[in-house]
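Spelled out, the chains give:
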Amino acid sequence: MKVLILSCNTGGGHNSCAKAIGAELLNRGHTYETDDALLYVSKGTSRFVSNWHVRFYRYFPKLYNKGYQYAEEHPASFDESSAACRILRRGCKRLRAAIVQGGYDAVVCVHLFPALMLTFIQREAPLPIKTMFIATDYTASPSCDRMQLDTCVIPDASLRAEFEKNGVRPETILPCGIPVREELYTCLPNREAKLAVGLEPSHRHLVMMTGSMGCGPMERITELLANSLPPEYDVTVACSSNRQLLRRMERRFADKPNIHIRGFISNVSVLMDSADLFLTKPGGISTTEAMVKGLPMVLVNVVGGCETPNLNFFVSHGGAATAGTPEDIAALCKELLENDEERLIMRQSLLAMKQIPAAQAICDRLEG
């Protein structure tokens, strides 16, 4: 079987999801290719959407949230006559030709934009292929009712009614979770993992990551933690692709031996195993990764939008806690680091939600 996985460069989560599915396909002897669906519209469109997505996330999160709320409150913004759909339609002819020329048996969409493009193609000039959409947030996104593919993968069975209410056909729903990398399902003992990342095993460890773009009040929260935590409490901060933030924080916390500032993390699985608490924005991928690890979370609602339902999902299920201001977030982190019993309850709540790896269930459906 040959599979095309279509993504968009709007943050690292969608591409991470694509890689997880691709790895499972390779494990089963299949082949796959990943592509940015917006390139079929134009290179300029892809660059524009990617660049402005990063800018809104980092610098204008309130505006991003307003835009998402507007899309929720105005379903017509994704009608077929809307500007967004007219733009996406420009790439459908080229995308259809690429699918035919590539000889693909299935097309999997890990972003709504390619799912809409594929819907237009299958409605107007259907191809004999299997089609699938992967929801990467714990909510039915605006315009998912416009998406009509063979399978709609949703993060949890408890969300089925929401997706059906928002126009997804019940017979297409596969509630198997969000795909994350296979290595995350293998866990090192906490003390062993701390040694592996160069920490004293007896120390408490907080890991802070706020997405592939390194957004949110990371610097302020780190400052508050540096001033309130004892030296036997370590904090590792991943700034990811935000190089300005990385350089600034390296200078600012150079004299704090228990504050460890990093850029991209290559050994995320081991780092998460070494953590006692995970401070993150509620992206669909990062929260799912923590769920797989059974790693208690403190969630910072940086951008709102589709991440607010993610936060509500994990807080309501007992696997995460949240607070409003950076001061309250830092105080909550300190409180949870000191409370082994509370973190154990959170860990058990997360592990109770864990399913078989979503990538396996997705490949089972593609093979069926």
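Before reading further, recall that the structure is shown in the block above.
Quick caveat: nothing in here was measured; it's all calculated off a predicted structure.

**Student:** Honestly, helix α12 (residues 284-293) in this entry has me stumped. Any pointers?
**Tutor:** Within an α-helix, residues lying three or four positions from one another point in the same direction, as the helix has 3.6 residues per turn. The buried fraction of α12 is high, at 10 of 10 residues. If you check which residues of α12 are buried, you get Gly284, Ile285, Ser286, Thr287, Thr288, Glu289, Ala290, Met291, Val292 and Lys293. Next to the buried residues of α12 lie α1 (12-27), α11 (268-274), β10 (277-280), β11 (297-299), α13 (307-316) and α15 (340-353). One or two residues past the end of α12 sits glycine 294, with phi positive at roughly 65°.

**Student:** Mind showing me how you'd approach the side chain of serine 7 here?
**Tutor:** In this structure, serine 7 sits in strand β1 (residues 2-7). Ignoring any residue separated from it by four or fewer positions in sequence, one finds serine 7 in contact with His14, Asn15, Asp35, Asp36, Ala37, Val110, His111 and Pro114.

**Student:** What is the right way to look at empty space enclosed by the protein in this model?
**Tutor:** Over the atoms rolls a probe the size of a water molecule, and in doing so it shows where empty space is left. What the rule picks out here adds up to 3 cavities of 30 Å³ or more. Lining the largest cavity are 13 residues, and of these Cys176, Gly177, Tyr185, Met291 and Gln355 sit closest to its centre. Of the residues contributing to the lining of the largest cavity, the split by class is 9 nonpolar, 3 polar and 1 charged. When its volume is computed, the second largest cavity comes out at roughly 40 Å³. As for the second largest cavity, its lining consists of Met147, Gln148, Leu149, Cys152, Gly167, Val168, Arg169 and Thr172. Split by residue class, the lining of the second largest cavity holds 4 nonpolar, 3 polar and 1 charged.

**Student:** Any chance you could explain helix α9 (residues 218-228) here in plain terms?
**Tutor:** Where α9 is concerned, the buried positions are Met218, Glu219, Ile221, Thr222, Leu224, Leu225 and Ala226. Taken together, the buried residues of α9 touch β7 (204-209), β8 (233-238), α10 (243-252), β9 (259-262), β10 and α14 (326-337).

**Student:** Looking at this model, I keep getting lost on the sheet that holds strand β4 (residues 130-134). Mind explaining?
**Tutor:** Strand pairing in a sheet takes place through backbone hydrogen bonds and is either antiparallel or parallel in direction. Spatial ordering of the open sheet is given by β2-β1-β3-β4-β5-β6, a layout of 6 strands whose pairing is parallel. Looking along the sheet, the strands with just one partner apiece sit at the ends: β2 (31-36) and β6 (173-174). Where β1 meets strand β3 (residues 106-109), 4 bridges bridge the pair, whose relative direction is parallel. Following the sheet pairing, valine 3 is matched in β3 by alanine 106. Here helix α16 (residues 358-367) sits on the sheet in contact with β3, β4, β5 (151-153) and β6, set at roughly 160° to β4.

**Student:** Quick question: what am I supposed to make of the environment of valine 235 here?
**Tutor:** Examined against the element boundaries, valine 235 turns out to sit in strand β8. Expressed as a C-alpha distance, the spacing of valine 235 and isoleucine 259, which sit 24 residues apart in the sequence, is 5.0 Å. In this structure, valine 235 is in contact with His205, Leu206, Leu225, Leu229, Asn258, Ile259 and His260, ignoring residues within four places of it in sequence.

**Student:** Hey, could you run me through the pairing of β9 in this one?
**Tutor:** Every regular strand shows the same layout, with side chains that alternate between the two sheet faces. Looking at chain direction, β8 and β9 are connected through 4 bridges and run parallel. Pairing of valine 235 across the sheet is with isoleucine 259, part of β9. Read as a crossover between parallel neighbours, the route from β8 over α10 to β9 is right-handed.

**Student:** Got a minute to help me understand the pairing of β8 in this structure?
**Tutor:** With 6 of its 6 residues buried, β8 lies for the most part within the structure. Alternating residues of β8 divide into Tyr233, Val235 and Val237 and Asp234, Thr236 and Ala238, and every residue in both groups is buried. Sheet topology places β7 next to β8; 6 bridges connect them, and they run parallel. Bridge assignment links methionine 208 to a residue of β8, and that residue is valine 237.

**Student:** Just to check I follow, could you spell out the pattern of salt bridges for this structure?
**Tutor:** Side chains that differ in sign of charge can pair as their charged atoms come close. Using the criterion set out here, one finds 19 salt bridges in the structure. Note that arginine 160 is salt-bridged to glutamate 164, the shortest N-O span being 3.8 Å. Of this pair, arginine 160 and glutamate 164 both sit in helix α7 (residues 160-165), separated by 4 residues, roughly a single helical turn. Within the structure, one salt-bridge network assembled from shared partners comprises Glu219, Arg220, Glu223, Arg248, Arg252 and Glu327.

The rules behind the values
Residues numbered from 1 in each chain as written. Predicted model: local features only at pLDDT ≥ 70, side-chain atom pairs only at ≥ 80, totals over all residues. Heavy atoms only, no water. Buried < 20%, exposed > 50% of the residue type's maximum accessible area, 1.4 Å probe, protein only. Helix = DSSP H or I, 4+ residues; strand = E, 2+ residues; numbered from the N terminus. Contact = heavy atoms within 4.5 Å. 1 Å grid on protein atoms, 1.4 Å probe; cavity = no way out; pocket = protein on both sides within 12 Å on 5 of 7 lines; lining within 4 Å. Points joined across faces, edges and corners; volume = space filled by probe spheres on them. Nonpolar A, V, L, I, M, F, W, Y, C, P; charged D, E, K, R; others polar. Pairing = 2+ DSSP bridges. Axes fitted to C-alpha atoms, helices over the stretch in contact; angles between N-to-C directions. Right-handed = clockwise from strand over helix to strand, strands pointing away. Salt bridge = Lys/Arg side-chain N within 4 Å of Asp/Glu carboxyl O.

Read these as spatial facts, not as claims about activity.
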